[in-house]
Structure formats: C-alpha cells, structure tokens
Amino acid sequence: MATASVAFKSREDHRKQIELEEARKAGLAPAEVDEDGKEINPHIPQYMSSAPWYLNSEKPSLKHQRKWKSDPNYTKSWYDRGAKVFHAEKYRKGACANCGAMTHDSKSCMERPRKMGAKWTNINIAPDEKIETFELDYDGKRDRWNGYDTSSYARVVERYEARDDARRKFNKEQQLKKLEEKNNNNDSGGGGDSDGEDEDDDLRIDEAKVDESKQMDFAKVEKRVRTTGGGSTGTVRNLRIREDTAKYLLNLDVNSAHYDPKTRSMREDPLPDADPNDKFYGGDNQYRNSGQALEFKELNIHAWEAFDKGQDIHMQAAPSQAELLYKNYIVIKDKLKSRTKETIMEKYGNAAAEEELPRELLLGQSEREIEYDRAGRIIKGQETALPRSKYEEDVYINNHTSVWGSWWKDHQWGYKCCKQVIRNSYCTGAAGIEAAEAASDLMKANIARKEASEETQTPVEGKRLATWGTDLPDDLVLDEDLLAEALKKEDQRKREEKDERKRKYNVKWNDEVTAEDMEAYRMKRVHHDDPMKDFLH
C-alpha cells in the first residue's frame, strides 16, 4: 500500500495486492507496518502513500509526508526579563547620558530623567541590560502565550480561593444566626408557627443549595471573539436546560414554520393548532408583537417621523429625550382626541346613549323582493351596479354640458354641446355652433370665388433668361459691345481653368446668364466632332 518505488508486477501479483488492500480496508487483514513499527492507515489514498522514485524507499513508509528537514536556527526560548549583564562604576563613552547604561541611549531610557545625568555626575551608573535576539518560526511569532510565566497565575488562584473561603464563612455565620434566633423564639414561646415554618423552609433551601464551585461550569459556552490580536474567549451563559426540545424539532413537517439556521430564528408558530396553554414557544413573532417590543417599535417610529418633520431627535443618540418627547406626544394626543370627541358629541349628540333602534332598522329589513337562482346569482329585483373606472368620469369643465370626446368630425374630437375641437375652450352653446357654421359657409364661398377668378385670369408671359444648355432663338439681336466683353470674360475663365494659380482668393459667382454670355460660350467651346478643331487656337 505505502510502497515508494513502483516495481514491475505480474497480473497475478497485482490481483493479490488489490485483494490484500481490500481485506485491510475491511479489517480482515492486519494493517501494513512502516519502518518504525507503526501501522499505516489502509484508507490513505495511493497518491499520498506512495513515495517518489528518487527517495529509493524499499520499505513502506510515510516519512515523505512528514517534515524531515528541521531548521536549527529556530528556537522556542524567550527573553530573560530584567536580567543584567555588567555594572560599570564610571561613565563610558557612548552610554546613556541619563543613567549610564551602554545598551540604550538617552532617548529610549526607561529611567526617570535625572536632574544631572550620569554623564556629568559619574555616580549611580545603571547596569547594562541583557540583549537577546531570537529567530522564531511561523508558530512562534504568532504564539500569544510565548514567554508567559505560569507561576504568576498562582496569585489569581489564591485571590479566588480567598473569596470562596470568605463566602463560605459568611454563609456559615448566617446559618448560625438563624439557628440562634430560632432557639430564642422557641424558648420564649411567643413566635408564631408560620414564622418557624418559613425559617425551616429557608434552612432546607440553604441545605439543598449546591456549592457554587460545583455549578460554576453549568451551561457554560466558550465563545471566540474576533480581535486584531487573534481573539479572546468569553463565557456566555446558556439559560436553556438540556431537557428542552429545540424549536426546529417541535414540528418535523416540511411545510411547517421555516427555521433559519444562520440567525436561529423561527418567526411563525411551529404548532398553530396546539393548545395555547400547553405551548411554551409560539414563534418569534409572538415576542415581537407583544409586550414592550410594540412600545419600543412605536417609539422608534415616532422618533423617525419627528426627525422628518424637523425636530432634533435621535433614538440612538439621545434615547431619554426621545422617550420623554414620545410620552408628551401621547398625553397631548389623548387630550386632543377627548376634546374632539366632546365637540362632536355636543354638536351631533350621542347615539349610544339614546334609545335603541327598532329591530327592523337594526337588521336592515325592507319590502324589496330579490329573486336568486340556484348558484346564488341575482335574477331580478336589484339593478346591476356598473363598474367604476379609476379615472374621473362625468367631470364637466369650463361651463360645458358634455365631456371631451363626445363629438367627432373631420378626424378631430370635440365637445357635443358647442362643437368645439379645442380641449380647454370655454363653452359657447348654440350661439357658438351657429357662428361656426356661418364662418365655415363664408370660407367655402371665398374659396369658390378664388378658384373662379384663377380660371378666368389670362397667363402673363414672363421674360425668359437664357440659361446654360438652352438654345437661343434665331431672331435674337445681340449687342456687339456686350458680346466683346463676354468673349474677354470667357477667355479669362479658360485661362484660370488651365492654371489655378491665377484664380483669385475671393471668387464671386453670378448665376444670371445673358444672351451675349451664351453666344460667347458657344463661340469659344471646343467642338470635338469638328475636323478643324486643332486649327482654331
């Protein structure tokens, strides 16, 4: 099982090895033994028990899993507190100017500052402290009790033992006093039987009390508190006795009250159908909704609401002030409530103090007949109430007698009462309808008149300018001076197209083309289908 080197095995040997391992796991065969004679757990997996090949381990062993290299530099010793090394008689150069010790300077000196240091007085030279340096391992650096002197705890034990002895002595003196008082009462004969019985009961209770030293560890739970230094333990008293049933075991039904294991809370009642007198636990909500929990909740709500309204109140910062303000608020509220009640009773009377109502009115009987079917639905006798919408209905604004959307014309909504299509308009009634119809008739007449005038009007011929790409008429007369100027402009334009350096910075463009410009363009343009085009320029 725990062999290190993997040697060649036949199929039969491999089968026997597997059977032996199964028998060891089942406890039928003795466990394998290592070099030191210790048994090896057969359930250890092979990748942990098998040693690397370079260790040349011939026998089964688990040494390769243990720490086989020990660092000799690590130590578990601690500082020798208060130890002195050498006590000089005169001041030495480089020593502390205050006490004269060589192991520290005056800045880190722990002695009281002298009026005249040892450097100048050369008397009362302090001895040198013992300086030690240790190289601790990982656990040694984090050991909280490293260097702790266990003998110092004896003083704590002695103090507690002295306290217990004083308590026992005091209890014994109290018992003796009670016995003496009882004997005196019996001798005098004036004491009642009830007093004697009470004292006997007290004595029985004192005798039945268990010694506190024996019950100190009863129901004690050690709790780890997270701190920076690694944590400290604190004792928490568990008041639930061991015979109590846990609340998550009261009802094992899956659909019963939910138990949260993280917060250990069960809000609902695990046994809702059980007798309330027999139940000792009714869910966490039982405590939250009863007793002082409700008062505390109302106090918090009052503090929040008062803070939102501008009062300087805070439940956590000043709880006494918040509670006092809440009490004053309750008193003022009760007074206001009683005053309002008295005012209403004075104005309308008190119906509870008057005569009782007749039985017919009290039970709501009437002569109205209502017929039902077998399913309980009303057949006749009561009008079906129309369901009301959540939006406002039948609300008339601006003197209208109908709602918006009660009239439709030409793809527009409007009011039926005045036939207006403007939402926030004021109702004009029948006069507004007549004025609207007259305006529409007048508009139709104007449109018809305009169309008739456009049909009879003769078209006016406008002056048509010659534009680029249009043909000039043959009977057009050209001005010779304007034509010569247009030819010069065309030559200048063509030169600028050939050489862009001659183009000016600010270029002005005119879209109007005259007949002379068009003729100059026709004369200067290149005709590609002309055989004499190469001899023109």
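Sequence order sets the numbering: in each chain, residues are counted from 1 along the sequence as written. Predicted model: local features are reported for residues with pLDDT of at least 70 only, side-chain atom pairs are reported and counted for 80 or more only, and whole-chain, interface and lining totals are derived from all residues. Computation of side-chain values covers all heavy atoms of the structure but excludes hydrogens and water.

## Notes on unusual backbone geometry
The backbone of Asn124 shows a phi angle near 50°, a positive value even though the residue is not glycine. Tracing the chain through its elements places Asn124 in the loop between helix H3 (118-121) and helix H4 (138-141). Note on classification: 1.4 Å probe, protein chains only; a residue is buried when its accessible area is under 20% of the maximum for its type, exposed when over 50%, partly exposed between these limits. Taking relative accessible area as the criterion, Asn124 reaches 59% and is therefore assigned exposed. Within the chain, Lys419 stands out as a residue other than glycine whose phi angle is a positive 55°. Only DSSP runs of H or I covering at least 4 residues are called helices, and only runs of E covering at least 2 are called strands; the numbering of each starts at the N terminus. If you trace the backbone, Lys419 turns up in the loop between strand S6 (412-414) and helix H11 (429-456). The exposure class assigned to Lys419 is partly exposed, which follows from its relative accessible area of 38%.

## Some points on the pattern of salt bridges
Throughout this description, the term salt bridge denotes a Lys or Arg side-chain nitrogen within 4 Å of a carboxyl oxygen of Asp or Glu. Going through the model one piece at a time under the given rule, you end up with 15 salt bridges. Of the charged contacts in the structure, one is a salt bridge between Lys130 and Asp80, with a shortest N-O distance of 3.8 Å. With a gap of 50 residues between them, Lys130 in the loop between H3 and H4 and Asp80 in the loop between helix H2 (46-49) and H3 connect regions that are remote in the sequence. A salt bridge links Arg163 to Asp164; the shortest N-O distance between them is 3.7 Å. It is possible to trace a salt-bridge network through shared partners that takes in Glu12, Arg15 and Glu19.

## What about the side chain of Asp284?
Along the chain, Asp284 falls in helix H7 (residues 284-288). We classify Asp284 as buried; its relative accessible area is 14%.

## Examining a negative patch on the surface
Patch definition: residues above 30% relative accessible area lacking any salt bridge, with like charges linked at up to 9 Å and the nonpolar side chains Val, Leu, Ile, Met, Phe, Trp and Tyr linked at up to 5 Å. Every accessible area reported is derived by Shrake-Rupley at a probe size of 1.4 Å, with residue values counting cover from the shown protein chains alone. For the charge count, each Lys or Arg is scored as positive and each Asp or Glu as negative, with His and the chain ends excluded. For this purpose, a charge sits on NZ of Lys, CZ of Arg, CG of Asp or CD of Glu. Together, Asp479, Glu480, Asp481 and Glu485 line one region of the surface with negative charge. Its relative accessible area of 57% is what places Glu480 among the exposed residues.

## Overview of helix H9 (residues 319-348)
To estimate how far a helix should extend, the number of its residues minus one is multiplied by 1.5 Å. Compared with the 44 Å implied by 1.5 Å per residue over 30 residues, the 43 Å span of H9 between its first and last C-alpha is a close match. Gly349, located one to two residues past H9, shows a positive phi value of around 85°.

## What about the packing of helix H12 (residues 480-498) against helix H13 (residues 515-524)?
Working convention: axes come from line fits to C-alpha atoms, limited for helices to the stretch in contact. Angles between N-to-C directions cover 0 to 180 degrees. Relative orientation of the contacting elements H12 and H13 amounts to 55°, with a least axis distance of 8 Å. By the criterion of interaxial angle, the relationship of H12 to H13 is oblique. Helix-helix and strand crossings are classified by hand; for H12 and H13 the assignment is right-handed. Residues Leu482, Leu483, Ala486, Leu487, Glu490, Asp491, Arg493 and Lys494 of H12 form the contact with H13, whose participating residues are Glu516, Asp517, Glu519, Ala520, Tyr521, Met523 and Lys524. Residues that form the contact of H12 with H13 fall into these classes: seven nonpolar, no polar and eight charged. Should an angle fall under 35 degrees it is called roughly parallel, over 145 degrees roughly antiparallel, and 65 to 115 degrees roughly perpendicular, with every other angle called oblique. Crossing handedness is read from the near helix: turned anticlockwise from the far helix by less than a right angle, it gives a left-handed crossing, and turned clockwise, a right-handed one. We call two residues contacting when some pair of their heavy atoms lies within 4.5 Å. Here the nonpolar group is Ala, Val, Leu, Ile, Met, Phe, Trp, Tyr, Cys and Pro; Asp, Glu, Lys and Arg are the charged ones; every other residue, Gly included, is treated as polar.

## Re the nonpolar core
With seven residues, the main nonpolar core is built from Leu299, Ala303, Ala306, Ile313, Met315, Ala322 and Tyr326. Elements with a contribution of two residues or more to this core: helix H8 (292-308) and H9. Looking at which element gives the most residues to this core, the answer is H8, with three residues. Residue types Ala, Val, Leu, Ile, Met, Phe, Trp, Tyr and Cys, when buried and joined through side-chain atoms within 4.5 Å, form a set referred to as a nonpolar core. Residues Cys96, Cys99, Ala101 and Cys109 belong to the second largest nonpolar core, which totals five residues.

## Quick look at the packing of H8 against H9
Their axes nearest at 10 Å, the elements H8 and H9 cross at an angle of 90°. As far as their axial angle goes, H9 and H8 are roughly perpendicular. Here Glu298, Leu299 and His302 of H8 come into contact with H9, specifically with Ala322, Glu323, Leu325, Tyr326 and Tyr329. For the contact of H8 with H9, the residue count by class is five nonpolar, one polar and two charged.

## Structural notes on a nonpolar patch on the surface
Taken together, Trp145, Tyr148, Tyr153 and Val157 make up a surface patch of nonpolar side chains, about 440 Å² in accessible area. Structurally, the position occupied by Trp145 is in the loop between H4 and helix H5 (153-188). A relative accessible area of 55% places Trp145 in the exposed class.

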